[in-house]
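Notes for the structure review
One-letter residues, chain by chain:
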Amino acid sequence: MDLPSKKPTKLRLPVEKQFARATKFRKYVLSTILLLPATSNTSASTKTTTMTTAAKLYGKDLSEYDDVDVDDLLAQLSPEEINILAKEVDPDDSFMPPSQRCSYECDKDPTGPLNRKKLIDHINKQALETPDIPELKPYVPGTVRGKKWIPPPQDNQKEKEADEQIAIDLGDEYEQALSAASQEEIIDLAAILGFHSMMNQDQYHASLLNSGQPVGLGWDGITKASQPKVFPMEPPNNTDVDETIKQVHDDDHKLIDLNWNNIKNISDEKFIQLFEALEINTHLEALSLTNVGLTDKTALRLADVIEKNSTLRVLNVETNFISPSVIVRLIKALLKTKSIEEFRCSNQRSQVLGNKIEMEITQLVEQNPTLLRLGLHLEFNDARHRVAAHLQRNIDRIRRADPLERAKTVAIGAGAGNFSVLPDDALKKRT
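Residues numbered from 1 in each chain as written. Predicted model: local features only at pLDDT ≥ 70, side-chain atom pairs only at ≥ 80, totals over all residues. Heavy atoms only, no water.

A few points about the overall build of the protein
On a plain count of helices and strands, the protein comes out with 17 helices and 11 strands. Buried residues in the protein amount to 27% of all 431 residues. Restricting to contacts in the protein with at least 6 residues of sequence separation, those with at least 24 account for 66%. Of the roughly 31,400 Å² of accessible surface on the protein, a fraction of 55% belongs to carbon and sulfur atoms. (Helix = DSSP H or I, 4+ residues; strand = E, 2+ residues; numbered from the N terminus. Buried < 20%, exposed > 50% of the residue type's maximum accessible area, 1.4 Å probe, protein only. Contact = heavy atoms within 4.5 Å. Areas by Shrake-Rupley, 256 points an atom, 1.4 Å probe, with all protein chains shown as cover.)

Following this line, the structure appears as structure tokens:
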């Protein structure tokens, strides 16, 4: 592709400026470093006399070149002279093209287009065809070729540490107790004091659990790898989706807790059918939809259902693909009927909600007088503290309203940013 006529001028201008800076730098180096002022010492012990002379180069004073314009000198150079100067100076300017920064120039014309595959095949072929360098002394198993390395002698570390022991006066009582203590008792004492680096892991954990020291392990024993315990896999969720949808639609009084956790390949039509049935249900109190692939489309339909259902008390939609704006819509739907006491929606598509979303969630939670437990990770301290304080106020209000709840209410921490407070009777109904 042909470049515009002004393009080469724009490319040459930085090179000339770089050469000008390099020339000024070379002149500064010559005038300040290479041409040091002459000094003479009269006596090393009594007095030193310094005699300063003007900087000169080949007998000429350099001060007469201070007013010389280097750009004009560069403009008088021919292209060949500029190339010679470019080979001596390496401008460190990343805005210049590599072809003008590098001093290497190849004048040969290309023999053809570059074929990377052929080049790699040629390199591999040359590597296979090149014979190995013959060994001057053939290898014979069991013999040492050359000089064998012998490690330098080292002093016994244990004997050296024994010689450098520090005497500590612990008192007659403690010395008598420690002198009569067995090895197991000393290990237990070290574990209690937290000296876990003085023993192996088996001894440390055995002392903490008070299960007795392992057999065959002394003070200098080495922990061996233990066989990991094999725990059975969790059974899959065998809940029949169609049957539970029919039960919810028929308002079955036996169905109080519905768990669809970890059920794969549930279509959006099944979710819509469940939410439509939940709209007229009056017995279902807990609905768990964890890791079922819930999207924004179905979550918005769930928010509409929450505004109409006044029986549901626990709702769990963790580990799905709900966006932060739809999470705000779900929390806003809780204000319609004010019946849900526990709401969980952490671990969604977006791990970070942002300050704006968290402030909106905080304002909605502060308007809800019935929410007791919120499972949601909040990054900002202001939102986290305000939500925790409001949930605690809701708990205190319930305790003051009903004295029996004072003995039944429990507080359960759910990690940083997860607020969990739920009365005991709600936990019993869930089980």
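A closer look at the sheet that holds strand S5 (residues 257-259)
The parallel open sheet is built from five strands, whose spatial order is S5-S6-S7-S8-S9. For this open sheet the edge positions go to S5 and strand S9 (373-375), each flanked by a neighbour on one side alone. Across this sheet, the average inter-strand angle for adjacent strands is 5°, counted without regard to direction. Where strand S8 (residues 342-344) lies against S9, three bridges are found, and the strand directions are parallel. Residue Phe343 lies in a different strand from S9, and its bridge partner there is Leu374. (Pairing = 2+ DSSP bridges. Axes fitted to C-alpha atoms, helices over the stretch in contact; angles between N-to-C directions.)

Topic: the packing of aromatic side chains
According to the stated counting rule, one finds two aromatic pairs in the structure shown. When the centroid spacing of 6.1 Å and the interplanar angle of 55° are considered together, the rings of Trp260 and Phe271 count as tilted. Residue Trp260 is found in the loop between S5 and helix H11 (268-278), and its partner Phe271 is found in helix H11; the two are separated by 11 residues along the sequence. Overall, the relative accessible area of 0% leaves Trp260 in the buried class. (Phe/Tyr/Trp six-rings, centres within 6.5 Å; stacked < 30°, edge-to-face > 60°.)

A short note on the side chain of Asn316
By secondary structure assignment, the location of Asn316 is in strand S7 (residues 314-316). Residue class for Asn316 comes out buried when judged on its relative accessible area of 11%. With residues near it in sequence (within four places) discarded, Asn316 still touches Leu287, Ser288, Leu289, Thr290 and Arg344.

Some remarks on the packing of helix H12 (residues 296-306) against helix H13 (residues 324-337)
In contact at an axis separation of 8 Å, H12 and H13 are set at 10° when each is read in the N-to-C sense. With respect to H13, the element H12 is oriented roughly parallel. Listed contacts from H13 to Asp296, Ala299, Leu300, Leu302, Ala303, Asp304 and Ile306 of H12 are Val326, Arg329, Leu330, Ala333, Leu334 and Thr337. Looking at the contact of H12 with H13 residue by residue, the classes come out as nine nonpolar, one polar and three charged. (Parallel < 35°, antiparallel > 145°, perpendicular 65-115°, else oblique. Nonpolar A, V, L, I, M, F, W, Y, C, P; charged D, E, K, R; others polar.)

Section: the environment of Ser310
Assignment of secondary structure puts Ser310 in the loop between H12 and S7. Taking relative accessible area as the criterion, Ser310 reaches 54% and is therefore assigned exposed. When the C-alpha positions of Ser310 and Glu279 are compared, they lie 9.3 Å apart, and in sequence the two are 31 residues distant. Residues within four places of Ser310 in sequence aside, it is in contact with Thr337 and Ser339.

Considering the pattern of salt bridges
Scanning the model with the defined rule gives 14 salt bridges in all. With a closest N to O distance of 2.9 Å, Arg145 and Glu135 form a salt bridge. Of the two residues, Arg145 is situated in the loop between helix H5 (116-129) and helix H6 (157-163) and Glu135 in the loop between H5 and H6; the sequence distance between them amounts to 10 residues. Given a relative accessible area of 39%, Arg145 falls into the partly exposed group. In this structure, Glu279 engages Lys308 in a salt bridge whose closest nitrogen and oxygen atoms are separated by 3.3 Å. (Salt bridge = Lys/Arg side-chain N within 4 Å of Asp/Glu carboxyl O.)

Notes on helix H8 (residues 183-193)
Looking only at H8, the buried set comprises Ile187, Ala190 and Ala191. For H8, the angular spread of the buried residues around the axis is 100°, confining them to a single face. Turned more than 90 degrees from where H8 packs its buried face, Ile192 and Leu193 sit exposed. (Arc of directions from axis to C-beta.)

Brief notes about a nonpolar patch on the surface
On the surface, Tyr65, Val68 and Leu73 cluster together to form a nonpolar patch covering roughly 240 Å² of accessible area. Accessibility expressed as a relative area gives 33% for Tyr65, which makes it partly exposed. (Patch = residues over 30% accessible without salt bridge, like charges linked within 9 Å, V, L, I, M, F, W, Y side chains within 5 Å.)

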